[in-house]
Amino acid sequence: MKSLPQLKIYNTLTRKKEVFTPLEAGKVKMYVCGITVYDLCHLGHARVMVAFDMITRYLRTRGYEVNYVRNITDIDDKILKRADENNETIGELTERMIKAMHEDEAKLGVLRPDSEPRATAYITEIINLIQTLEEKGYAYAASNGDVYYRVRKFENYGQLTNRNLDEMQAGSRVEVDSFKEDPLDFVLWKAAKPTEASWPSPWGDGRPGWHIECSAMSTCCLGNTFDIHGGGPDLPFPHHENEIAQSEAATGQKYVNTWMHAGAVRVDQEKMSKSLGNFFTIRDVLEKYDAEVIRYLLLASHYRSAINYAESALQDARKNLERFYTALQNIKPVENADLVASAGEWRSQFFSAMDDDFNTPEAFAVLFDLARSLNRAGLQDDQPLTEALAFELRDLGGIMGMLQQDADDFLKGKALTRQQSINPDVIETLIEKRLLAKQDRNFAEADRIREELESQGILLKDTKDGTSWTKAS
RNA sequence: GGCUGGAUGGCAGAGUGGUCAUGCAGCGGAUUGCAAAUCCGUCAACGCCGGUUCGAUUCCGACUCCAGCCUCCA
């Protein structure tokens, strides 16, 4: 890519879109908060995974060398509890869930991050970080064995989410823990009960608090200061606020330049979340819809806006994708940039949409426009242009991790036919029978066969090249 | 109560100080033995009240409503 306009990214810290300038020209260091692996991933997790996958892909397309780090929290209270309930070790539980997460991601077309550090592999670094904080007076060991962060000592506390410490305290619903110096202090190291998994430390056996692991892993993997830190909508407070406090207190340097947060997935206007119990796992949805339909649904709205999950939204997403794949069906894509360039300006429009804080809905609008031109070229029997536009459509779609399937497979609903009893061979046989009927001008019989298949969800299309079929939506 | 976002046509969803978002759905036409797909055309919107402006859906202020965070949550 040669000199493009500037890439702008919305920064939660400044609440503005800003021109993105990495610390080191051409390189992007990005850390995203991953998940706590005690259960299957739901669509809220999928949103974050897909959003930052799209962002990484686009940054790379734009020529940046991206180092994408996303952690795995494999030790925490909920993991202990769940492992105990399941009567398995925490290692067994977390391995199982990590494997499931990787399978789900792969289906959604999410590329693996460059590294996925696990909290339990960074205990030494975490302890070192806490020691540094203790030496600088930002951490203290309490009489119960826990180590806490002294929030009031960090002057800029609250910068990310605009919090005022005194007002927070006034409205605080947090129970006052008598071991803390101040109710706002949060735990860095948690003393273990005798039977709990634990690691030795200068403060006794225990485990890391939630926030400290991200400070340790991000700075270990990317340096004291890095370009982008991302996560879900529920993380700015307290998690990211606490990360800033820990990291900047320890290093004395700015922690992160650009903070990015994905929007929520809602169900009936309420946030999808584990605590509300209104979540759908990625697996639930994959039972009924192709993974790319989910990916499209997630990318058809801007990554920062809330989206409402509903059956009808998935159906709409599938219809929209069908339009793309219908345009691509039975066409061999052939690269021909000159021919494409002489016909339209889709590529530059696509890039300017994406340059504007990754505006995928607008990018899709460009692709729909491209699809229309492709269909038009087909009507005019302009084969070279048709093939070139098909290539362009797939190529631009690929930047978002979309439109890479075989069109015929998608339209025949390969992911749906699992539940269908009808066999493709049977369909082909009926199509042949119908062809013979048509040749005899026995249209009544031809229509009967069409209707028979239609009642089983199969749609026939007669074209000049013969009859093909798709799965009705 | 504090702090963030948001309110766009039947639905979803971008965007803009003054002619087009886009997709689905609808309507009319082309095409088709029929149908589907496709193409052409078409309908239709900017929560409410003020202000700035020649002109505001877009900027500013008030209001109403919705959501998120303030407690583990992506």
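Predicted model, so just to flag it, every value in this text is computed and none were measured.

Rules used throughout
Residues numbered from 1 in each chain as written. Chains lettered and ligands numbered in written order. Predicted model: local features only at pLDDT ≥ 70, side-chain atom pairs only at ≥ 80, totals over all residues. Heavy atoms only, no water. UniProt positions renumbered as here; feature names shortened; annotations may be inferred. Helix = DSSP H or I, 4+ residues; strand = E, 2+ residues; numbered from the N terminus. Pairing = 2+ DSSP bridges. Buried < 20%, exposed > 50% of the residue type's maximum accessible area, 1.4 Å probe, protein only. Right-handed = clockwise from strand over helix to strand, strands pointing away. Domains from an automatic or database assignment. Contact = heavy atoms within 4.5 Å. Buried area = accessible area lost by both parts, 1.4 Å probe. Salt bridge = Lys/Arg side-chain N within 4 Å of Asp/Glu carboxyl O. Axes fitted to C-alpha atoms, helices over the stretch in contact; angles between N-to-C directions. Parallel < 35°, antiparallel > 145°, perpendicular 65-115°, else oblique. Expected span 1.5 Å × (residues − 1). Polar contact = N/O pair within 3.5 Å; in protein donor to acceptor, adjacent residues only side chain to side chain.

### Side note on the UniProt feature "short sequence motif: 'HIGH' region" (unreviewed entry) in chain A
Here's step 1: In the numbering used here, UniProt assigns the "short sequence motif: 'HIGH' region" (unreviewed entry) feature to residues 35-45.
Here's step 2: With 27% helix and 0% strand, residues 35-45 has end C-alpha atoms that lie 8 Å from one another.

### Thoughts on the sheet that holds strand S11 (residues 265-267)
Here's step 1: Strand order in the open sheet formed by 3 strands is S12-S11-S13, with mixed pairing between adjacent strands. Where the open sheet ends on each side, the last strands, each with one partner, are strand S12 (270-271) and strand S13 (307-309).
Here's step 2: Where S11 lies against S13, 3 bridges are found, and the strand directions are parallel. Of the residues in S13, the one forming a bridge with Val267 is Tyr309.

### Section: the pairing of strand S9 (residues 226-231)
Here's step 1: Most of S9 sits out of view: 6 of its 6 residues are buried.
Here's step 2: As paired elements, strand S3 (residues 27-32) and S9 share 3 bridges and run parallel to each other. Bridge pairing links Met30 to Ile228 in S9.
Here's step 3: Inspection of the sheet shows S9 paired to strand S10 (residues 256-261) by 5 bridges, in the parallel sense. Within S10, the residue paired with Gly231 across the bridge is His261.
Here's step 4: As a crossover connection, the stretch from S9 through helix H7 (residues 236-251) into S10 is right-handed.

### Structural notes on the domain arrangement of chain A
Here's step 1: Looking at the assigned domains, one finds that chain A contains domain 1 (8-262) and domain 2 (311-421).
Here's step 2: Taking only C-alpha atoms into account, the centre of domain 1 sits 38 Å from that of domain 2.
Here's step 3: Counting residues at the interface gives 12 residues for domain 1 and 11 residues for domain 2.
Here's step 4: In total, about 1100 Å² of surface goes out of reach between domain 1 and domain 2, with carbon and sulfur atoms giving 62% of it.
Here's step 5: Here Arg62 and Asp355 are joined by a salt bridge, their closest N and O atoms 2.5 Å apart.

### Observations regarding the packing of helix H9 (residues 291-299) against helix H10 (residues 311-328)
Here's step 1: The N-to-C vectors of H9 and H10 enclose an angle of 105°; their axes lie 9 Å apart at closest approach. Taken together, the axes of H9 and H10 are roughly perpendicular relative to one another. On H10, the residues touching Glu292, Val293, Ile294, Tyr296 and Leu297 of H9 are Ala313, Leu314, Ala317, Arg318, Asn320, Leu321, Phe324 and Tyr325.

### Notes on the UniProt feature "domain: Cysteinyl-tRNA synthetase class Ia DALR" (unreviewed entry) in chain A
Here's step 1: Feature annotation in UniProt places "domain: Cysteinyl-tRNA synthetase class Ia DALR" (unreviewed entry) on residues 349-411, given in this structure's numbering.
Here's step 2: Annotation note: span residues 349-411, helix share 78%, strand share 0%, distance between end C-alpha atoms 28 Å.

### Concerning helix H13 (residues 360-379)
Here's step 1: The terminal C-alpha atoms of H13 lie 29 Å apart, and with 20 residues this matches the ideal 28 Å at 1.5 Å per residue to within 8%.
Here's step 2: The set of residues buried in H13 consists of Thr360, Ala363, Phe364, Val366, Leu367, Leu370, Ala371, Ser373, Leu374 and Ala377.
Here's step 3: Of the surrounding elements, those touching the buried residues of H13 are helix H1 (43-61), H9, H10, helix H12 (346-355) and helix H14 (383-399).
Here's step 4: The opening residue of H13 is Asn359, an N-cap whose side-chain oxygen sits 3.2 Å from the backbone nitrogen of Glu362.
Here's step 5: Phi for Asp381, located one or two positions after H13, is positive at around 55°.

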